[in-house]
Amino acid sequence: MEPSDVLATNKALVKAAKLYRNAQADLLAGLALHPGQDVLLWMLGQEPEGLTVSEIATRLGVEQPTVTRSLSRLEHGGWFVRKSVPGDRRATRIVLTDKGRTGISEIESAWRTLAETATAGMANDQRATLIELLEKVRENLLTLAVEID
């Protein structure tokens, strides 16, 4: 890859990632959420019986302390309640409250706004190509992340 292509690629990816993250943060701020919390709440919304902290961590691909910190921040907002797990005194299930369930549609609306804004002016086939290319970028970057670990 030519040096000018390296620079252009890095610049484009960094700028797009920063702008997306900032736009996401701005939209979620209206819901009193931070990026990442939306995904956690949305995931819980798909599980009416709730999930344990370890189940959440596994599904998100993060460590349990990361989930615990996120939940601590969300708990004060009344997004969920903790319910004990029968037969396991140490485990609790995280279950959305009415506020949490209502918030799912607002989260999905914010995601729609982000996706539509990011892909405005693109034809459906261009959107599909963009998704394929971004998945390939993610796949490629995962190989680097594994090498660093």
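What you see is a predicted model; the values in this text were computed from it and never measured.

The rules behind each value
Residues numbered from 1 in each chain as written. Predicted model: local features only at pLDDT ≥ 70, side-chain atom pairs only at ≥ 80, totals over all residues. Heavy atoms only, no water. Axes fitted to C-alpha atoms, helices over the stretch in contact; angles between N-to-C directions. Helix = DSSP H or I, 4+ residues; strand = E, 2+ residues; numbered from the N terminus. Parallel < 35°, antiparallel > 145°, perpendicular 65-115°, else oblique. Contact = heavy atoms within 4.5 Å. Pairing = 2+ DSSP bridges. Polar contact = N/O pair within 3.5 Å; in protein donor to acceptor, adjacent residues only side chain to side chain.

A. Inspection of the packing of helix α2 (residues 37–45) against helix α4 (residues 64–75) at higher detail. Closest axis-to-axis distance for the α2/α4 pair is 11 Å, and the angle between their directions is 85 degrees. In terms of their interaxial angle, α2 and α4 are classed as roughly perpendicular. Residues Gln37, Leu40 and Leu41 of α2 pack against Ser70, Leu71, Arg73 and Leu74 of α4.

B. Examining the pairing of strand β3 (residues 88–96) more closely. Judged from the 2 bridges that link them, strand β1 (residues 51–52) and β3 form a sheet pairing that is antiparallel. Bridge pairing in β3 places Leu51 opposite Ile94. Between strand β2 (residues 80–85) and β3, which pair antiparallel and follow one another directly, the connecting turn spans 2 residues, one of which, Gly87, has a positive phi of 90 degrees.

C. Fine view of the side chain of Asp38. Relative to the assigned elements, Asp38 resides in helix α2. A distance of 2.9 Å separates a polar atom in the side chain of Asp38 from the backbone nitrogen of Gly36.

D. Molecular detail of the sheet that holds β1. Pairing in this open sheet of 3 strands is antiparallel, and the strands run β1-β3-β2 from one edge to the other. Each edge of the sheet is formed by a strand with only one pairing partner; in this case those strands are β1 and β2.

Distances and angles like these do not, on their own, reveal function.
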